[in-house]
Amino acid sequence: MILELKVPSMVCDRCADTVKSAIVNLDSSAKANVTLETKTVTVETNASLAAVQEAIADVGHTVA
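Residues numbered from 1 in each chain as written. Predicted model: local features only at pLDDT ≥ 70, side-chain atom pairs only at ≥ 80, totals over all residues. Heavy atoms only, no water.

### Remarks on the UniProt feature "domain: HMA" (unreviewed entry) in the protein
Defined as follows: UniProt positions are given in the numbering used here, feature names are shortened, and annotations may be inferred rather than shown by experiment. Counting from the N terminus, the helices are DSSP H or I runs at least four residues long and the strands are E runs at least two residues long.
The sites that carry the UniProt feature "domain: HMA" (unreviewed entry) are, in the present numbering, residues 1-64. Annotation note: span residues 1-64, helix share 38%, strand share 23%, distance between end C-alpha atoms 19 Å.

This is the structure we're talking about:
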């Protein structure tokens, strides 16, 4: 499944790396692409939307 999420708390490359890592830790086969300019994360994963949102929140970022 492909998910597109807004993560307004991402402001730098380190934030983007943290969010990507959280997603990959949840689903090692996931592919995450972050666009900082739009604060968007596109994820191809087998995990549920709720699980991905929770993983991002657990590392201190907000999902809109």
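Next comes the rest of the description.
### Remarks on the environment of V63
Our working rule: Remark: exposure states derive from per-residue accessible area (1.4 Å probe, protein chains only) relative to the maximum for the residue type, with buried under 20%, exposed over 50%, and partly exposed in between. Whether two residues touch is decided by their heavy atoms; if any such pair falls within 4.5 Å, the residues are in contact.
In this fold, V63 is placed in the segment after α2 (49-58). Given the relative accessible area of 26%, V63 is considered partly exposed. In the structure, V63 is positioned 53 residues away from M10 in sequence and 9.8 Å away in space, judged by C-alpha atoms. Setting aside chain neighbours within four positions, we find V63 in contact with L5, K6, Q53 and I56.

### Notes on the pairing of strand β3 (residues 40-44)
To keep it simple, the criterion reads: When DSSP finds two or more bridges between two strands, those strands count as paired.
With 5 bridges connecting them, strand β1 (residues 2-6) and β3 associate as antiparallel partners. Bridge pairing in β3 places E4 opposite T42. The pairing of strand β2 (residues 31-35) with β3 spans 5 bridges and is antiparallel. Paired with A32 across the two strands is V43, which belongs to β3. Taking the residues between adjacent antiparallel strands as the criterion, β2 and β3 are bridged by 4 residues, where K39 takes a positive phi near 55°.

### So, the sheet that holds β3
Strand-to-strand pairing in sheets goes through backbone hydrogen bonds, with the strands running parallel or antiparallel. Stated precisely, the cut-off is as follows: In this analysis an axis means a line fitted to C-alpha atoms, helices contributing only their contacting stretch, and an angle means the value between N-to-C directions, from 0 to 180 degrees.
Strand order in the open sheet formed by 3 strands is β1-β3-β2, with antiparallel pairing between adjacent strands. Single-partner strands in this sheet number two, and they are β1 and β2. Neighbour to neighbour, the strand axes of the sheet diverge by 15° on average, direction disregarded. Contacts from helix α1 (residues 13-26) reach β2 and β3, with the element oriented near 160° to β2.

### Looking at α1
The cut-off we apply is this: What a helix is expected to span follows from its residue count: subtract one and scale by 1.5 Å. Directions pointing from the helix axis toward each C-beta atom define the arc.
Counted at 1.5 Å a residue, the expected span for α1 with its 14 residues is 20 Å, and the 20 Å between its end C-alpha atoms agrees. For α1, every residue scored as buried is listed here: C15, A16, V19, A22 and I23. For α1, the angular spread of buried residues about the axis comes to 125°, placing them on one side. Exposed positions of α1 whose direction lies more than 90 degrees from the buried face are D13, R14 and N25. In the core, the buried residues of α1 are packed alongside β2, β3 and α2.

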